[in-house]
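Residue-level structural notes
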Amino acid sequence: MTEINLGNKLLDNHIIRFVFSAGLGFLVDISAFYLFYHNFLVQKTYNIFTLTVRNSTLSLALSFFMGVVVNFIITRYFVFSQSKSSPYKQFFRFVLVAIVGFFANLVILKLFIQDLQMYPPVARPLAALSLFFASYFIHKFFSFSLSLRHQSTD
């Protein structure tokens, strides 16, 4: 009986649900990054329009987008379902935050890979984890427009 109550308490906590949601998005992102980096994008660089893009950067862009879509869907319905904003507004804001997060990840990933000589599939999760906590609060207050008065439900 105590285990059921503990489980229900954990599921009622927004932060725990966000960890779950972000975790699934993260698994999609990291798995896709690994597959793109090792299996699908086998050249070291790619020419896209007039830009030369590294394998790791292109892998990040594709995998990050996949993770964002999964994360949004789960976060919208499982974490912040009480939000009254329209789904389109939520998605637009979520993507805006994700774009900022993408460039923050890109800077950190570049630092880890080029400056610290880390193996890209190891550097990628470390870069993502470094931005996790800020992401929760930005999505709560901006993407899903939940005010401080919703804090009591956490």
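Residues numbered from 1 in each chain as written. Predicted model: local features only at pLDDT ≥ 70, side-chain atom pairs only at ≥ 80, totals over all residues. Heavy atoms only, no water.

1. Some details on a nonpolar patch on the surface
Among the surface-exposed residues, Tyr-34, Leu-35, Phe-40, Tyr-119, Val-122 and Leu-126 lie close enough to one another that they form a single nonpolar patch of about 590 Å² accessible area. Looking at the nonpolar patch, the elements with two or more residues in it are α2 (14-40) and α5 (120-129). Examining the composition of the nonpolar patch, we find that three residues originate from one element, α2, more than from any other. Along the chain, Tyr-34 falls in helix α2. For Tyr-34, a relative accessible area of 42% translates into the label partly exposed. (Patch = residues over 30% accessible without salt bridge, like charges linked within 9 Å, V, L, I, M, F, W, Y side chains within 5 Å. Areas by Shrake-Rupley, 256 points an atom, 1.4 Å probe, with all protein chains shown as cover. Salt bridge = Lys/Arg side-chain N within 4 Å of Asp/Glu carboxyl O. Helix = DSSP H or I, 4+ residues; strand = E, 2+ residues; numbered from the N terminus. Buried < 20%, exposed > 50% of the residue type's maximum accessible area, 1.4 Å probe, protein only.)

2. Section: the nonpolar core
Counting 22 residues, the largest nonpolar core has Phe-18, Leu-60, Phe-64, Phe-80 and Phe-144 as the members making the most contacts within it. For this core, the elements supplying multiple residues, two or more each, are α2, α3 (55-79), α4 (87-115), α5 and α6 (132-143). For this core, the element with the highest residue contribution is α4, accounting for seven residues. Listed in part, the six residues of the second largest apolar core include Phe-36, Leu-41, Tyr-46 and Val-53. (Core = buried A, V, L, I, M, F, W, Y, C linked by side-chain atoms within 4.5 Å.)

3. Quick word on α4
Between its terminal C-alpha atoms α4 stretches 40 Å, which fits the 42 Å expected from 29 residues at 1.5 Å a residue. Those residues of α4 that are buried lie in contact with α3, α5 and α6. Backbone geometry just after α4 places Gln-117 at a positive phi near 55°. (Expected span 1.5 Å × (residues − 1). Contact = heavy atoms within 4.5 Å.)

4. Some thoughts on the environment of Asn-47
Considering the arrangement of structural elements, one finds Asn-47 in strand β1 (residues 45-48). Accessibility expressed as a relative area gives 64% for Asn-47, which makes it exposed. Within the structure, the side chain of Asn-47 is placed 2.9 Å from the side chain of Thr-52, a separation counted as a polar contact. (Polar contact = N/O pair within 3.5 Å; in protein donor to acceptor, adjacent residues only side chain to side chain.)

5. Observations concerning the confidence of the model for the chain
For the chain, per-residue confidence averages 83 on the pLDDT scale, and 87% of positions sit at 70 or higher. Contacts from residues 148-154, a stretch scored under 50 in pLDDT, to residues over four places away or in other chains number 12 contacts. (pLDDT = per-residue confidence, 0-100.)

6. Quick look at α5
Among the 10 residues of α5, seven are classified as buried, and the element is accordingly described as predominantly covered. Taken residue by residue, α5 has Pro-120, Pro-121, Ala-123, Arg-124, Pro-125, Ala-127 and Ala-128 as its buried positions. Where the residues of α5 are buried, they touch α2, α3, α4 and α6.

7. A few points about the packing of aromatic side chains
The tally for this structure, following the rule as stated, stands at 12 aromatic pairs. Plain terms: the ring middles of Phe-33 and Tyr-37 are 5.9 Å apart, the flat faces sit at 10° to each other, and that makes the pair stacked. Of this pair, Phe-33 and Tyr-37 both sit in helix α2, four residues apart, which is roughly one turn of that helix. Members of the aromatic cluster, connected to one another through ring pairs, are Phe-18, Phe-72, Phe-80, Phe-91, Phe-94 and Phe-144. A cation over a ring is seen here: Arg-17 above Phe-78, with NZ or CZ 6.0 Å from the ring centre. Its guanidinium or amino end placed over the ring of Tyr-77, Arg-76 lies 4.8 Å from that ring's centre, counting from NZ or CZ. (Phe/Tyr/Trp six-rings, centres within 6.5 Å; stacked < 30°, edge-to-face > 60°. Lys NZ or Arg CZ within 6 Å of the ring centre and 35° of its normal.)

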